[in-house]
Amino acid sequence: MHIKIKRGWELPESAATDEAFFRNRRRLAKTLAAGPLIAAGAGLGGGLLGPGRARAAADPTADLYPAARNARYTVERELTDESDATSYNNFYEFGSEKTIAGKAQALRTRPWTVQIDGLVEKEQTLDVDSLIRSMPLEERVYRFRCVEAWAMTVPWTGFPFAELVRRAAPLSAAKYIRMETLADEATMPGLRASWYPWPYTEGVTIEEATNELSLLVTGLYGKPVPPQNGAPLRLILPWKYGFKSIKSIVRFTFTDERPVSFWEELQGQEYGFWANVNPEVSHPRWSQATERLLTSRETVPTLLYNGYGEYVAELYKGLESEYGDRLFR
Ligand SMILES: Nc1nc2c(c(=O)[nH]1)N[C@H]1C(S)=C(S)[C@@H](COP(=O)(O)O)O[C@H]1N2
Ligand SMILES: [Mo]
């Protein structure tokens, strides 16, 4: 049983709505953009290059960017500034504050392998560069909604999760996929917070993974995805709260048991397995009716399934009686 400790995940309502919160974020983004810390030039992932922390070499897949944008996935909203999306992050392995971008440059993104195991025809370990090069990369502009009620609109590059599922060749008994983030104590100071159930894990049903919106992301703003945003491979599920979109994935396990995720284990009443965006189902400690956009700082109404109902509502038909509001938390 986990002891309940008030920490970053128990965000007070004020933090989700407080003007000062956003002012600070803007100031930070401006400072970073103005300083000599921003990597200029393609191939460096737009990441921050702290003094003495320059990344050893350009990303080995840099030649694949920018990938062609898929016009099927564009949204009406204005794009978030790259400097905001890459300086205001949640990546608890590097700390529970939003300003982990500098620390995240320590993440060793190569060599990187991805393990596929569990209920599959043949377990495999893939080198991330061979994996990325074997996949059809495309750019998609998606809305992204964090459970803390901030949101952004950014161009991700990646490939359909369905392609990886096909490559994995799951057995018919497999119903879910459990994913795991790297847990490297040498580079991730957040792991010292021992009350968290490391490694960070998430889970989806196979139907969710193979939905056309599910994207395994390798890039952001036409460059390889920077460490703070989950290099070299992260998930994006744009109809769910952001915590489902697990970063820096090292393992996909196919299973017949519903996985218990990092946040569900920590605070199951607030952060469950489904976590679909719904403006009418409040978080136990704040409303989800509206969201604050990074960059413009506008407050806008939150949309059911984050505006992606035409793609995903069908996945949840018939589950309402079993799960009720839990489909949305
Ligand atoms: N491994 C890992 N993945 C993670 C997180 C995390 O702390 N660790 N935070 C999640 C949350 S709460 C959000 S909102 C998004 C943030 O993604 P971004 O920093 O690229 O905007 O990452 C998600 N994926
Ligand atoms: Mo989040």
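Note that the coordinates shown come from a computational prediction; the quantities given were computed from them, not determined experimentally. Each chain carries its own residue numbering, running from 1 in the direction its sequence is written. Each chain gets a letter, beginning with A, and each ligand a number, beginning with 1, in the order they are written. Per-residue local features of the predicted model are confined to residues with pLDDT of at least 70, and side-chain atom pairs are confined, for both listing and counting, to 80 or more; whole-chain, interface and lining totals are unaffected and use all residues. To get the side-chain values, all heavy atoms of the structure are used, and hydrogens and water are removed first.

(A) Geometry of the overall build of the chain. The helix and strand tally for the chain stands at ten helices and twelve strands. Only protein chains enter the calculation, and the probe is 1.4 Å; a residue is then buried if its accessible area is under 20% of its type maximum, exposed if over 50%, and partly exposed in between. Per-residue burial over the chain gives 57% buried out of 329 residues. Within the chain, counting contacts between residues at least 6 apart in sequence, those at least 24 apart form 73% of the total. As presented, the chain carries roughly 13,800 Å² of accessible surface, and 52% of it is formed by carbon and sulfur atoms. Strands are runs of DSSP state E lasting at least two residues, helices are runs of H or I lasting at least four, and both sets are numbered from the N terminus onward. The contact criterion used is simple: two residues touch if any of their non-hydrogen atoms lie within 4.5 Å. Where accessible areas are quoted, they stem from the Shrake-Rupley method and a 1.4 Å probe; at the residue level, only the protein chains shown are allowed to cover.

(B) Seen up close, the site of ligand 1. What surrounds ligand 1 is a group of 18 residues, the closest being Tyr92, Glu93, Asn229, Arg234 and Lys247. A distance of 2.9 Å separates an oxygen atom of ligand 1 from a polar atom in the side chain of asparagine 229. We call two N or O atoms a polar contact when they sit within 3.5 Å, provided that within protein one can donate a hydrogen and the other can accept it, with sequence-adjacent residues counted only if both atoms are side-chain atoms. Within the side chain of arginine 234, an N or O atom sits 2.8 Å from an oxygen atom of ligand 1. Burial of ligand 1 by the protein amounts to 99% of the accessible area it has alone, namely 540 Å². Taken together, the residues of the shell around ligand 1 sort by class into nine nonpolar, six polar and three charged. Residues are classed as near a molecule or strand on a simple rule: at least one heavy atom within 4 Å of it. For this classification, Asp, Glu, Lys and Arg are treated as charged, while Ala, Val, Leu, Ile, Met, Phe, Trp, Tyr, Cys and Pro are nonpolar and the rest, including Gly, are polar.

(C) Fine view of empty space enclosed by the protein. Detection works on a 1 Å grid of protein atoms alone, calling trapped sets that fit a 1.4 Å probe cavities and calling open sets with protein on both sides within 12 Å along at least five of seven lines pockets, with lining residues defined by an atom within 4 Å of a point. Grid points are joined across faces, edges and corners, and a volume is the space filled by probe spheres set on the points. Scanning the entire structure with this criterion turns up two cavities of 30 Å³ or more. As a volume, the largest cavity reaches approximately 390 Å³. What lines the largest cavity is a set of 26 residues, among which Asn90, Phe91, Tyr200, Gly242 and Phe243 lie closest to the centre. Element by element, the count of residues in the lining of the largest cavity is highest for strand β4 (residues 150-160), at three residues. Considering only residue class, the lining of the largest cavity consists of 15 nonpolar, seven polar and four charged. In this structure, the second largest cavity occupies an estimated 40 Å³ of space. Together, Val147, Tyr241, Glu270, Val281, Ser282, His283, Gln288, Phe328 and Arg329 line the second largest cavity.

(D) Quick look at the environment of glutamine 288. The topology assignment puts glutamine 288 in the loop between α8 (262-267) and β11 (290-293). Relative accessible area serves as the criterion here: at 2%, glutamine 288 is assigned to the buried category. Residues glutamine 288 and threonine 302, 14 residues apart in the sequence, show an inter-C-alpha distance of 7.0 Å. Once residues lying within four places of it in the same chain are set aside, the contact partners of glutamine 288 are Arg145, Val147, Ala149, Tyr241, Asn278, Pro279, Val281, Ser282, His283 and Thr302. In terms of polar contacts, glutamine 288 uses its side chain to reach the side chain of arginine 145, at 3.0 Å.

(E) Region of the structure containing the confidence of the model for the chain. Summary statistics for the chain give a mean pLDDT of 88 and a share of 83% for residues scoring 70 or more. A score between 0 and 100, pLDDT records how confident the predictor is in each residue. Contacts for the low-pLDDT stretch residues 30-56, under 50 throughout, to residues beyond four places or in other chains number 45 contacts.

(F) Broad picture of unusual backbone geometry. Omega for the peptide link from tryptophan 198 to proline 199 comes to 0°, which places this bond in the cis form. The residue after alanine 231, namely proline 232, is reached through a cis peptide bond having omega -5°. With respect to the secondary-structure elements, proline 232 resides in the loop between β8 (223-224) and β9 (234-236). With phi around 50°, alanine 169 is a residue other than glycine that occupies positive phi space. Within the fold, alanine 169 resides in the loop between α6 (161-168) and β5 (176-181). For serine 248, which is not a glycine, the phi torsion comes out positive at approximately 40°. For serine 248, the position within the fold is in the loop between β9 and β10 (249-255).

(G) Broad picture of the nonpolar core. In these notes, a set of buried Ala, Val, Leu, Ile, Met, Phe, Trp, Tyr and Cys residues joined through side-chain atoms within 4.5 Å is what counts as a nonpolar core. In terms of nonpolar packing, the biggest core is built from 87 residues, with Trp156, Phe161, Ile177, Met179, Leu216, Phe252 and Phe254 touching the most fellow members. In terms of residue count, the dominant contributor to this core is β4 (five residues). Sequence-distant contacts of tryptophan 156, that is, excluding residues within four places in its chain, are made with Glu138, Glu139, Arg140, Tyr142, Phe144, Leu215, Val217, Gly219, Leu220, Arg234 and Ile236.

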